[in-house]
Amino acid sequence: MGGYLFSVFVLFAWVPHIYGLWPIPRSLETGSVALKLANSFRITANVPHPPSDLSDAISRTVGHLRTDKFERLVVGRGSADSETIQHARELKSLTLALAPGSPVRSISDEAILPIESRSEEYTLHIPSDGSAASIEANSTLGLLRGLTTFEQLWYFFDGQVYTLEAPVSITDSPAYPYRGLMLDTSRNFFPVTDIKRTLDAMSLAKMSQFHWHATDSQSFPLVIPGFTEVAAKGAYSSLMSYSSKDIQDIVSYAGARGIDVLVEIDTPGHTAAITESHPEHIACSHASPWSQVAGEPPAGQLRFASSATANFTANLLTAAAKLFPSKFFSTGGDEVNTECYANDSQTQSILQSTGQTFEQALSGFMQTTQGALEKAGKTPVVWEEMVLEHNVTLSNETVVMVWISSQHAAAVAAKNFRIVHGPSDFFYLDCGAGEWLGNDVSGNSWCDPFKSWQKSYTFDPLANITPEQSHLVLGGQQLLWTEQSDPSNLDSIVWPRAASSAEVFWTGATLPDGSPRNVKSALARLHDFRFRLIQRGVSAIALQPLWCALRPGLCDGDS
Amino acid sequence: MRTFSSLLLAVVLATLPPAHALWPQPRNLRTGSDKLKLSDDFKIHLEAHVPQDMLDAISRTEDFLKKDHLQRLIVGRGSSDTNALTNAKSLSELDLYLESGADANSITTEAQKPIESRDEAYTLNVPNDGSPANITASSTLGLLRGLTTFTQLWYEVDGTIYAADVPIYTHDSPAYPYRGFMLDTARNFFPVSDIKRTLDAMSLVKMNQFHWHVVDSQSFPLQIPEFMDLSIKGAYSSSSVYTPDDVKDIVAYAGARGIDVLVEIDTPGHTSVISKAYPGHIACPEATPWDIFANEPPAGQLRLASNETTNFAANLLAAVARMFPSTIFSTGGDELNANCYDQDPDTQKSLNETGRTLEQALDVFIKTTHKAIEDLGKTPVVWEEMVLKHNVTLNPNTTVLVWEKSENAKTVAQKGYKLIHAASDFFYLDCGAGSWLGASPDSPNWCDPFKTWQHSYTFNPTANLTDDEAKLVLGGQHLLWTEQSGPSNLDSIVWPRAASSAELFWSGPGGNVSHALERLHDLSFRLQQRGVKSIPLQPLWCALRPGVCDAVPHTSVDGVVQSTSFAYHDDQVLDAGIPRHDEL
């Protein structure tokens, strides 16, 4: 007994107090007692008729506890813990329970609820005496978040799975409901397996929203029932498209991991690929030089002034919306190029015959397409230009994505629209890797420099937002535009950087002890998160030499 | 007649996008525009006594031809070639010839010769009538380079393997004898399989030098039989080591692919980790705050003023030098921190006793350690500080790596040293990804910005050099320092960017980035087919439409770009007597 206490004391004195939790919970108390996972360890759900995706989540957690085999990031990688582990008590079980009166729904159903009514909060208790641990939540989604936290507490050494931080007491809930990642699957294609691996990583960081920028001017990989010709002719190849079955697979895989899929069919710009099947609907299709009529090659935009095109688009969006159970649907709306329409005789003759201005016609198009989506029960999501640069009528429910500059959030809030932060100056993962356009020797990316995890981590979601407007901020996301990415560098360009916004929007401005969140203390936990991703097959990159990762603080720039 | 054929040539040049996608571009190339199928029973023949690694290269080539399955990067991915292919001739034989009188040495032996005596020249001839193709060279290394060019000619559509631009004739040889890539395996560790995959990619672009920065202050993964404690105590883990067998394996794998391994044991700086096994030899080990003792954490340098330490270093370098057959060996020599020694009582005592300044002591250290490797027949390679910042005696044969900035090449050349371009302002692959030091919210990376392939590609190896100085330029390399890299992003941070210097130093400077891009796309896709995670340079839409995504587009009609020219150097279309099929 004396020896046991002694070893606890030594442990406390020796081991720097590091949690491997990412995002760090809002409220957290931990001790310094070691516990090891019993061979017979099991997780029980005290939930009547547990939904199958909850049972699956439990199996996954049990699997991760066994297969992560993640050694602590300390000098010796846990070898100093072996004596302690030998004498540690065993944790035999974890019990999940829903708060009395909570409805029993699948994780997938909870994850796709309207964003403000999702319940992700949970409590987690791990006693230090080996008695049963528990997670309690108001929803199966909250239970999933608790399981995710639980997985991050455990390390591996010499065949043992253990934690050094019992007792653990966590009360946790996200600061913002929208914590996302955007992936562009049009510039370059990503097979379903890459998307699933990305969803796995997102789930480990408790992200709640996969924003799927599925189509663009370069290719149209989304096979939409009733409009299959668009992908048949607009995808890079038949193998580089997403069938209805693929989409269902992705949506259910995401849902089971607490992630809602917000699909985007960008309109009326960024639609050149539609010209392959429907040239009649596209203005300035593949026009050259592209730079006068588009943000990037190839040029081509929907002839929004044409009622036939507006109806085609509304029907296309409606058909696409049926493939996705999310309440959200993004119609895009960025970078509409006026020059393209100025040079398009069809558009000009329509405008003349209807007597409409460009903006009036655009407003009509938006009302038609958004009206169709609202009829299908969807909440429209648009890029910021639709409220900041154009004079179009939008539903008050519309959610606006800020991308051009973080400075623009205040203007969107002033118009009383809900906001998702995705500003290029903080969250664009593709910046800083040089110009992708050809024949430009000295060019850099338009959004230089590279957005380091530290830069993203210091984003303030409420900068220039008044307290009265703060309810409009739903959260935010990092984004990967894929001009220079494909499966070869998906993991390495996204992870662990994208986890920084996951913590910004889950944990909020302060750490559990009330001090401000800061990059200095975050690094050790982000290393931990990164190495755990590696163990799970995600090729997240090193943030420092391993020498530094094992010695928190010793490689600080302010040493 | 002459006028007529010139006119015809001009028309062809204006309408035919170049089908060939060779990287590096041969220095002498004539191509036609016929299709040629690869026969199912295609074989490569080499008469004469054949070394084993040549036989292996032949079977690897036969394998690549069957397994690359690269579709052409054009709209339709080669489906428009199928008609032409029905009437195309088949190639069933490639004959390799060593020129009479040439030694049938192994590729490895040829690759490990002193830099300036390597023979990489070859002639490749692929007729369009199905008669045997041939490669002629005066060394097996030249034959390997020819085989490498040959594999880049072939595409696949519907199960047919074919070349799109025969007849082909090239007489090719490198502009510079040193075309390398440096990998740091100390900041983060790379398993042998990652290094081998990197060597495969290097070989595809005819690189000939793997500069292995194997150890540094952070870890010592190299197992040296005479100094086992260094890796036992200094490697990141017992599995993060290179055993002598691993070294042999890597050296042999490289050699068989025409690559010499230049190992570097960086001294006297960048040696902190040696303190784990030999604390007596290291000044200021892990001293804090690190930034007054070292350029990056952890601090720690060999006690260069100590006789014991100097002898230790000489023995260590000799032991490592014996593990590597190359005739060059790098003793490092960068970023020596004087303050570390100023504050080291041991060093101060040695200096006082001998009455030497630190520079004089460094001179003794360098002379002793360099003699140790020179006695083993090695030529020393050092980082530029050894000639630009210190006053030390070096063998005039010493080769200098220019790294801090490209302009420093001039001063190195003025001092009469042979040099390798490795400038951070052109060739550092790690730049531009943010600071890796902790507690720095938004500080830039020291060598910002990111070095694009275009930037590296436009490097001029003889800028500001006189003709005589220019002769000192052996070549150059891209470099990956691995503070923020590991196996997770090795391929994606290196490829295809590192290929830009491979072409620069093989084909010579002056290449046009606009013409290079489509060939670099081709290389990147071929690397992917071979399991190297080379990244895309553009959306696939652009890769299939050369020129259409240029920042300043060429004239274009309905998406088809009219290439104004696809030639540089003495690249030219075969004479007008060659029949052509105009596919467009």
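Residues numbered from 1 in each chain as written. Chains lettered and ligands numbered in written order. Predicted model: local features only at pLDDT ≥ 70, side-chain atom pairs only at ≥ 80, totals over all residues. Heavy atoms only, no water.

- If you check an unreviewed UniProt entry, chain B appears there as Beta-hexosaminidase from Somion occarium.
- Looking at chain B in UniProt, the text filed under Sequence similarities (unreviewed entry) is "Belongs to the glycosyl hydrolase 20 family."
- Under the UniProt heading Catalytic activity (unreviewed entry), the note attached to chain B is "Hydrolysis of terminal non-reducing N-acetyl-D-hexosamine residues in N-acetyl-beta-D-hexosaminides." (UniProt positions renumbered as here; feature names shortened; annotations may be inferred.)

- As named in an unreviewed UniProt entry, chain A is Beta-hexosaminidase, taken from Somion occarium.
- For the record of chain A, the UniProt heading Sequence similarities (unreviewed entry) holds the text "Belongs to the glycosyl hydrolase 20 family."

### Things to note about the environment of B:Pro221
All names here are of chain B.
Here is step 1 of the chain: The topology assignment puts Pro 221 in the loop between β8 (209-213) and α7 (228-234).
Here is step 2 of the chain: On the basis of relative accessible area, Pro 221 is assigned to the buried category, the value being 0%.
Here is step 3 of the chain: Remark: the alpha-carbon pair of Pro 221 and Ser 238, spanning 17 residues in sequence, is separated by 8.8 Å.
Here is step 4 of the chain: With residues near it in sequence (within four places) discarded, Pro 221 still touches Thr 185, Phe 189, Val 214, Val 215, Ser 231, Ala 235, Ser 240, Val 241 and Tyr 242. (Helix = DSSP H or I, 4+ residues; strand = E, 2+ residues; numbered from the N terminus. Buried < 20%, exposed > 50% of the residue type's maximum accessible area, 1.4 Å probe, protein only. Contact = heavy atoms within 4.5 Å.)

### Regarding the pattern of salt bridges
Here is step 1 of the chain: Tallied over the full model, the rule gives 50 salt bridges over all chains.
Here is step 2 of the chain: Of the charged contacts in the structure, one is a salt bridge between A:Arg197 and A:Asp194, with a shortest N-O distance of 2.9 Å. Within this pair, A:Arg197 and its partner A:Asp194 are both found in helix α6 (residues 192-204), separated by three residues, close to a single helical turn. Like A:Asp194, A:Arg197 is buried.
Here is step 3 of the chain: The salt bridge involving B:Glu296 is made with B:Arg187; its shortest N-O contact spans 2.8 Å. Linking B:Glu296 in the loop between β10 (282-283) and β11 (301-302) with B:Arg187 in the loop between β7 (178-184) and α6 (192-204), this pair joins segments that are 109 residues apart in sequence.
Here is step 4 of the chain: Taking relative accessible area as the criterion, B:Glu296 reaches 14% and is therefore assigned buried.
Here is step 5 of the chain: Look at B:Arg187 and you get buried, because its relative accessible area is 3%. (Salt bridge = Lys/Arg side-chain N within 4 Å of Asp/Glu carboxyl O.)

### Focus: the pairing of strand β4 (residues 133-137) of chain B
Residues and elements named next belong to chain B.
Here is step 1 of the chain: In terms of burial, β4 is largely enclosed, as four of its five residues are buried.
Here is step 2 of the chain: Bridge count between strand β2 (residues 89-98) and β4: five bridges; the pairing is parallel. Bridged to Asp 95 within β4 is Asn 134.
Here is step 3 of the chain: Sheet analysis places strand β3 (residues 122-126) next to β4, joined by three bridges and oriented antiparallel. Looking at β4, one finds that Thr 123 is bridged to Thr 136. (Pairing = 2+ DSSP bridges.)

### So, the packing of aromatic side chains
Residues and elements named next belong to chain A.
Here is step 1 of the chain: Under the criterion given, the structure shown has 50 aromatic pairs over all chains.
Here is step 2 of the chain: Relative to Phe 324, the ring of Trp 212 has its centre 6.0 Å away and its plane inclined at 80°; by these criteria the two rings are edge-to-face. Taken as a pair, Trp 212 in strand β8 (residues 209-215) and Phe 324 in the loop between α9 (307-321) and β12 (328-332) lie far apart in primary sequence, 112 residues in all. Residue Trp 212 shares its accessibility class with Phe 324, and that shared class is buried.
Here is step 3 of the chain: Put simply, the rings of Tyr 176, Phe 426, Phe 427, Phe 459 and Phe 505 touch in pairs and so form one group of aromatic residues.
Here is step 4 of the chain: The lysine or arginine in question, Lys 206, covers the ring of Trp 506, its NZ or CZ lying 5.6 Å from the ring centre. (Phe/Tyr/Trp six-rings, centres within 6.5 Å; stacked < 30°, edge-to-face > 60°. Lys NZ or Arg CZ within 6 Å of the ring centre and 35° of its normal.)

### Things to note about unusual backbone geometry
Trans peptide bonds make up most of the peptide bonds, and negative phi angles are found at most residues other than glycine.
Here is step 1 of the chain: Look at the link from A:Pro297 to A:Pro298: it is a cis peptide, with omega at -5°.
Here is step 2 of the chain: Turning to its location among the elements, A:Pro298 is positioned in the loop between β10 (282-283) and β11 (301-302).
Here is step 3 of the chain: In this model, B:Thr288 is joined to B:Pro289 through a cis peptide bond whose omega is -10°.
Here is step 4 of the chain: By the secondary structure assignment, B:Pro289 is in the loop between β10 and β11.
Here is step 5 of the chain: At B:Asp158, a residue that is not glycine, the phi angle is positive and equals roughly 50°.
Here is step 6 of the chain: Mapped onto the elements, B:Asp158 comes out in the loop between β5 (154-157) and β6 (160-172).
Here is step 7 of the chain: Of note, B:Asn464 is a non-glycine position whose phi angle comes to about 65°, a positive value.

### Considerations on the side chain of A:Arg187
Here is step 1 of the chain: You can see A:Arg187 is positioned in the loop between β7 (178-184) and α6.
Here is step 2 of the chain: Under the relative-accessibility criterion, A:Arg187 is labelled buried at 3%.
Here is step 3 of the chain: Contact partners of A:Arg187, with chain neighbours within four places excluded, come to A:His213, A:Asp216, A:Gln218, A:Tyr236, A:His270, A:Glu296, A:Trp481, A:Thr482, A:Glu483, B:Pro539 and B:Leu540.

### Points about the domain arrangement of chain A
Residues and elements named next belong to chain A.
Here is step 1 of the chain: Each assigned domain of chain A is listed here: domain 1 (2-172) and domain 2 (185-508).
Here is step 2 of the chain: Placing the centre of domain 1 and that of domain 2 at their C-alpha centroids yields a distance of 37 Å.
Here is step 3 of the chain: On the side of domain 2, 26 residues touch domain 1, which itself brings 26 residues to the contact.
Here is step 4 of the chain: Of the roughly 2200 Å² buried at the junction of domain 1 and domain 2 (both faces included), carbon and sulfur atoms supply 57%.
Here is step 5 of the chain: In this structure, the connection of domain 1 to domain 2 is made through two salt bridges.
Here is step 6 of the chain: Taking the shortest distance from any N to any O, the salt bridge between Glu 116 and Arg 418 comes out at 2.8 Å.
Here is step 7 of the chain: Where domain 1 meets domain 2, there are 13 residue pairs in polar contact (both at pLDDT 80 or more).
Here is step 8 of the chain: Mapped onto the side of domain 1 that touches domain 2, the elements with two or more residues apiece are α2 (52-67), α4 (107-111) and α5 (140-151).
Here is step 9 of the chain: Per-element tally for the side of domain 1 that touches domain 2: the top contributor is α5, with six residues.
Here is step 10 of the chain: Class assignment for the residues of the side of domain 1 that touches domain 2 results in 13 nonpolar, four polar and nine charged. (Domains from an automatic or database assignment. Buried area = accessible area lost by both parts, 1.4 Å probe. Polar contact = N/O pair within 3.5 Å; in protein donor to acceptor, adjacent residues only side chain to side chain. Nonpolar A, V, L, I, M, F, W, Y, C, P; charged D, E, K, R; others polar.)

### Considering the confidence of the model for chain B
All names here are of chain B.
Here is step 1 of the chain: When pLDDT is averaged along chain B, the result is 91, and 91% of the positions lie at 70 or above.
Here is step 2 of the chain: Contacts of residues 1-17 to residues separated by more than four positions or lying in other chains number 17 contacts, the stretch itself having pLDDT below 50.
Here is step 3 of the chain: Segment residues 553-584: pLDDT under 50, and 77 contacts once partners within four positions in sequence are set aside and those in other chains are kept.
Here is step 4 of the chain: We note a pTM of 0.93 for the whole complex and an ipTM of 0.94 for its interfaces. (pLDDT = per-residue confidence, 0-100.)

### Notes on the interface of chain B and chain A
Here is step 1 of the chain: At the junction of the two partners, chain B supplies 55 residues and chain A supplies 56 residues.
Here is step 2 of the chain: Contact between chain B and chain A buries roughly 4600 Å² in total, counting both sides, with carbon and sulfur atoms accounting for 58%.
Here is step 3 of the chain: Taken as a group, B:Ala439, B:Ser488 and B:Trp541 account for 13% of the area that chain B buries against chain A, more than any other trio of residues on that side.
Here is step 4 of the chain: Taken together, chain B and chain A are joined by zero salt bridges.
Here is step 5 of the chain: The tally of links between chain B and chain A comes to 27 residue pairs in polar contact (both at pLDDT 80 or more).
Here is step 6 of the chain: Where the side of chain B that touches chain A is concerned, the elements lending two or more residues are α16 (453-457), α20 (513-529) and α21 (540-543) of chain B.
Here is step 7 of the chain: For the side of chain B that touches chain A, the element with the highest residue contribution is α20(B), accounting for four residues.

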